[in-house]
Amino acid sequence: MGLWGRTGMACTLLNKWLAHYDPIHRGYTLRGIANGVCAMGGWSFPRVGGGYNLYRGNSGPEQVDYDAPVGAAGAESDRISNFSWRPHGADTEHFYALRAIGGGGVESAQAESVVSVAFGAGGEFVGGRPHGPVGLAVEAVAGGKFRVSWGYSPVGEEAEAVEFRVYSDGGDGIVDYEQVVGQVPHRPGTGQYSYTSDAHEHGARRRWSVRAVSATGREEGNQASVRATADSAGPPTPVVLVELIGDEC
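To keep things clear, this report deals only with the structure shown in the data block. This structure is a prediction, so every number in the text was calculated from the model and none was measured.

## Re the sheet that holds strand E11 (residues 226–229)
- Taken in spatial order, the four strands make up an open sheet running E8-E7-E10-E11, and their pairing is antiparallel. Strand pairing shows two members of the sheet lacking a second neighbour, strand E8 (182–185) and E11, which therefore form its edges. Each adjacent strand pair in this sheet contributes to an overall mean axis angle of 25°, direction not counted.
- One ladder, built from four bridges, connects strand E7 (residues 161–168) with E8; its direction is antiparallel. Residue pairing in the sheet places phenylalanine 164 in a bridge with valine 184 of E8.

## Section: the packing of aromatic side chains
- By the definition in use, this model includes 10 aromatic pairs.
- Their ring planes at 15° and their centres at 6.2 Å tell us that tryptophan 150 and tyrosine 193 sit as a pair that is stacked. Of this pair, tryptophan 150 sits in strand E6 (residues 145–151) while tyrosine 193 sits in strand E9 (residues 192–196), and the two are 43 residues apart along the sequence. In terms of burial, tryptophan 150 and tyrosine 193 fall into one category: buried.
- Centroid distance tyrosine 195 to tryptophan 208: 6.4 Å. Interplanar angle 55°. Geometry classified as tilted. With tyrosine 195 in strand E9 and tryptophan 208 in strand E10 (residues 205–214), this pair connects stretches of sequence that are 13 residues apart. Each of the two residues, tyrosine 195 as well as tryptophan 208, counts as buried.
- Ring-pair connections join several aromatic residues into one group, and the members of that group are Trp150, Tyr152, Phe164 and Tyr193.
- A cation over an aromatic ring shows up here: arginine 99 above the ring of tyrosine 66, its NZ or CZ 3.8 Å from the ring centre.
- Directly above the aromatic system of tyrosine 177 lies the positively charged group of arginine 211, at a separation of 3.6 Å from the ring centroid.

Conventions we followed
Residues numbered from 1 in each chain as written. Predicted model: local features only at pLDDT ≥ 70, side-chain atom pairs only at ≥ 80, totals over all residues. Heavy atoms only, no water. Pairing = 2+ DSSP bridges. Helix = DSSP H or I, 4+ residues; strand = E, 2+ residues; numbered from the N terminus. Axes fitted to C-alpha atoms, helices over the stretch in contact; angles between N-to-C directions. Phe/Tyr/Trp six-rings, centres within 6.5 Å; stacked < 30°, edge-to-face > 60°. Buried < 20%, exposed > 50% of the residue type's maximum accessible area, 1.4 Å probe, protein only. Lys NZ or Arg CZ within 6 Å of the ring centre and 35° of its normal.

Next up, the structure:
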């Protein structure tokens, strides 16, 4: 192997090593403090059995900050909490992700899942969110009405759905999630649901969306929508042909 190959391999190994240890700062970084690397001067990882790092974001599941652990636990733990100096905020939604970390300090590249928790204006816990509906569809039915249909599966949900809220765009093309136009109760064991709207003028185009809501009032925020055109016209008047047959002379 040439000098370039040996140098390239050394740099790669060094970068991997520095990604988990930090002798330059003697381990006094957010990750190093969380995992006790600072106790080893930044040269090694003290949890020989491995463990878990907890991360958090406030802007969405894609915005979790994986550079700053907000909690840590050993491999024998079956639960993990946020550090006392990283408290929850009132009237805030947090997105948490958990990553496993090996005995050598190498952390898994992906989080198993991201879950959300929310707190009300008074700091009270308001629970997780239910799943969003699936298979959303709409069709125009007789009398200028719309029938909106969807499916729902509770498997793996953070919180049980108690109802579905139906929204519409009112004709301007933008769904108004501030104005509920219909509510359908969730029925355990039922996988398919539908809602039939009031009558609309013939030719009116409407966009529809449905969201699931938990018992604490948390509404999942899916943006899926469907659109259809109302049909309030009656069937065409049949043409009746009458043939008059006179008496033959």
